[in-house]
Amino acid sequence: MTVRIGVVGTGAIGRDHARRINKVLGGAKVVALSDVNRASAEAVRNDIAPDAEIFATGEELIASPDVDAVLVTSWGATHEQYVLAAIAAGKPCFCEKPLATTAEGAKRIVDTEVAHGRRLVQVGFMRRYDAGYVALKQAVDSRIGAPIMVHAAHRNPTVPEQYVTPMAIHDTMIHEIDVLRWLLDDDYVSARVLFPRSAARSHARLKDPQIVILETAKGTIIDVEIFVNCHYGYDIQCQVVGEDGIASLPEPMSVQTRLGAKLQNDILTDWKDRFIASYDVELQDFIHAAAKGTASGPNAWDGYVAAITSDACVAAQETDGAAVEIKLPTRPALYQ
Ligand SMILES: NC(=O)C1=CN([C@@H]2O[C@H](COP(=O)(O)OP(=O)(O)OC[C@H]3O[C@@H](n4cnc5c(N)ncnc54)[C@H](O)[C@@H]3O)[C@@H](O)[C@H]2O)C=CC1
Ligand SMILES: O=C1[C@@H](O)[C@H](O)[C@@H](O)[C@H](O)[C@H]1O
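As the structure is a prediction and not an experimental result, all values here were calculated from the model. (Residues numbered from 1 in each chain as written. Chains lettered and ligands numbered in written order. Predicted model: local features only at pLDDT ≥ 70, side-chain atom pairs only at ≥ 80, totals over all residues. Heavy atoms only, no water.)

### Examining the packing of helix 4 (residues 79-88) against helix 5 (residues 103-116)
Thought 1: The contact between helix 4 and helix 5 brings their axes to 10 Å, and the two run at 5 degrees. The angle between helix 4 and helix 5 places the two elements in the roughly parallel class. The segment helix 4 lies against helix 5, with E80, V83, L84 and I87 engaging G105, R108, I109, T112, E113 and H116.
Thought 2: When grouped by side-chain class, the residues that make up the contact of helix 4 with helix 5 number four nonpolar, three polar and three charged. (Axes fitted to C-alpha atoms, helices over the stretch in contact; angles between N-to-C directions. Helix = DSSP H or I, 4+ residues; strand = E, 2+ residues; numbered from the N terminus. Parallel < 35°, antiparallel > 145°, perpendicular 65-115°, else oblique. Contact = heavy atoms within 4.5 Å. Nonpolar A, V, L, I, M, F, W, Y, C, P; charged D, E, K, R; others polar.)

Written out as structure tokens, the structure is:
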């Protein structure tokens, strides 16, 4: 069976996912496109999906009988409406992060999927599919003893002017919020945020860098540095300190050179390159599950927990380092 996929939002990542579906992965084809900027959908049709129909709205695309499954890759604030429409249509739906921009919105999706009674939603937390994180999880689960501390860093070389302080959490650290919970098999109970002086390359509406300290239910303390004007590259670090030893996220593969009296490795500069393989694996997983009319991988509950945790971290940006409690509701049986 070829899963007929409709893509809502054909900007940077929508285009890239359409490319991997039509040119890299198996079992699916992009048959429908929609974007508020029609020219963007037309460009993807011309370059990647020549047979795709262009729909004026995401809702019309989702309702089309020619679409089996949906990719929601529009701006974050529009995700909720499209995911709810996909569940109402009974169609598997891959939604890029964030699942919704508010915890209430994510809860509406959880409640709707629970009422539907079957998993249809996968959230685009691709790091769970990254070979390095998978290897790190094996070491954490079986080699280094119970985790005590985690030191993590999420560094982007630069961000646009419209990127403001809360986005360091909602847009950037949300990846650590999800992947560290998965890595440790634990939940968060509190968040604190510390700000060193801002880097000279930042701007007036962005305090950068910042350090978020999360405490988990099992008592692990996690520090995450978010530094989105680090200038030197796109750099993701993670080190878990356990009872018996330490495990670190492998560096991405890069040729080492001995040149001009220097021993060197290149550092990547773009998230697309850093996680290119994991985007392929996550979407192939989505296609396999969608062919069976369901979804697997990171679920709506994970998206909801990430939203609750993000909100707590953003609240903690305003408390001068004081802890903000994170309280989770009971997890529905659908997500056990
Ligand atoms: N998993 C990951 O590593 C990444 C995830 N993302 C997420 O993907 C989403 C999209 O990000 P980008 O592609 O970078 O943004 P973008 O701005 O390049 O593309 C978004 C597209 O959505 C369209 N759009 C906006 N509102 C719409 C609506 N109501 N209906 C249909 N189309 C609409 C825009 O016209 C634009 O073409 C965001 O939620 C972002 O957080 C983005 C980059 C990496
Ligand atoms: O999801 C992503 C972007 O939206 C976000 O803006 C970046 O900070 C992250 O590194 C990237 O993975």
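On we go.
### Remarks on the pattern of salt bridges
Thought 1: Scanning the entire structure with this criterion turns up 20 salt bridges.
Thought 2: One salt bridge connects D16 with R19, and the closest N-O pair in it is separated by 3.0 Å. Here the residue D16 and the residue R19 both occupy positions in helix 1 (residues 12-23), the gap between them amounting to three residues, near one helical turn.
Thought 3: The buried category is assigned to D16, whose relative accessible area is 13%.
Thought 4: Look at R19 and you get partly exposed, because its relative accessible area is 24%. (Salt bridge = Lys/Arg side-chain N within 4 Å of Asp/Glu carboxyl O. Buried < 20%, exposed > 50% of the residue type's maximum accessible area, 1.4 Å probe, protein only.)

### So, the site of ligand 1
Thought 1: Contacts to ligand 1 come from 25 residues, most closely from D35, W75, Y82, K97 and Y279.
Thought 2: The contact in question runs from a nitrogen atom of ligand 1 to an N or O atom on the side chain of Y82, over 2.7 Å.
Thought 3: In this structure, K97 approaches ligand 1 through a main-chain N or O atom, which is 2.9 Å from an oxygen atom.
Thought 4: Protein contacts shield 83% of the accessible area of ligand 1, which totals 850 Å² for the unbound molecule.
Thought 5: At the level of elements, helix 1, helix 4 and helix 7 (167-184) are the ones that each hand at least two residues to the shell around ligand 1.
Thought 6: Tallied by class, residues from the shell around ligand 1 come to ten nonpolar, eleven polar and four charged.
Thought 7: Formed jointly, the shell around ligand 1 draws a minimum of three residues from each of two domains, domain 1 (1-125 + 274-297) and domain 2 (126-267 + 303-333). (Near = heavy atom within 4 Å. Polar contact = N/O pair within 3.5 Å; in protein donor to acceptor, adjacent residues only side chain to side chain. Areas by Shrake-Rupley, 256 points an atom, 1.4 Å probe, with all protein chains shown as cover. Domains from an automatic or database assignment.)

### Things to note about the packing of aromatic side chains
Thought 1: For the structure on display, the rule yields four aromatic pairs.
Thought 2: Seen from their ring centres, F94 and F286 are 5.8 Å apart, and the 65 degrees between their planes marks the pair as edge-to-face. Separated by 192 residues along the polypeptide, F94 in strand 5 (residues 93-95) and F286 in helix 9 (residues 276-291) bring together distant segments of the chain. Across the pair, F286 and F94 agree in class, each one buried.
Thought 3: Seen in terms of ring centroids, W271 and Y279 are 6.3 Å apart; in terms of plane orientation they differ by 75 degrees. Their pairing is edge-to-face.
Thought 4: On the accessibility criterion, Y279 (4% relative accessible area) is buried.
Thought 5: Members of the aromatic cluster, joined through ring pairs, are W301, Y304 and Y335.
Thought 6: One residue, K137, lies across the ring of W182, its end atom 5.4 Å from the ring centre.
Thought 7: Just above the ring of F275 sits the side chain of R274; from NZ or CZ to the centre is 4.5 Å. (Phe/Tyr/Trp six-rings, centres within 6.5 Å; stacked < 30°, edge-to-face > 60°. Lys NZ or Arg CZ within 6 Å of the ring centre and 35° of its normal.)

### A closer look at helix 2 (residues 38-47)
Thought 1: For helix 2, the full list of buried residues reads S40, A41 and V44. Angular distribution of buried residues about the axis of helix 2 spans 100 degrees; they occupy a single face of the element.
Thought 2: Buried-residue contacts for helix 2 involve helix 1, strand 2 (28-34) and strand 3 (53-54). (Arc of directions from axis to C-beta.)

### Some thoughts on the UniProt feature "domain: Gfo/Idh/MocA-like oxidoreductase N-terminal" (unreviewed entry) in the protein
Thought 1: The positions that UniProt labels "domain: Gfo/Idh/MocA-like oxidoreductase N-terminal" (unreviewed entry) are, in the present scheme, residues 3-125.
Thought 2: Between the C-alpha atoms that bound residues 3-125 the distance is 21 Å, and the span itself is 42% helix and 20% strand. (UniProt positions renumbered as here; feature names shortened; annotations may be inferred.)

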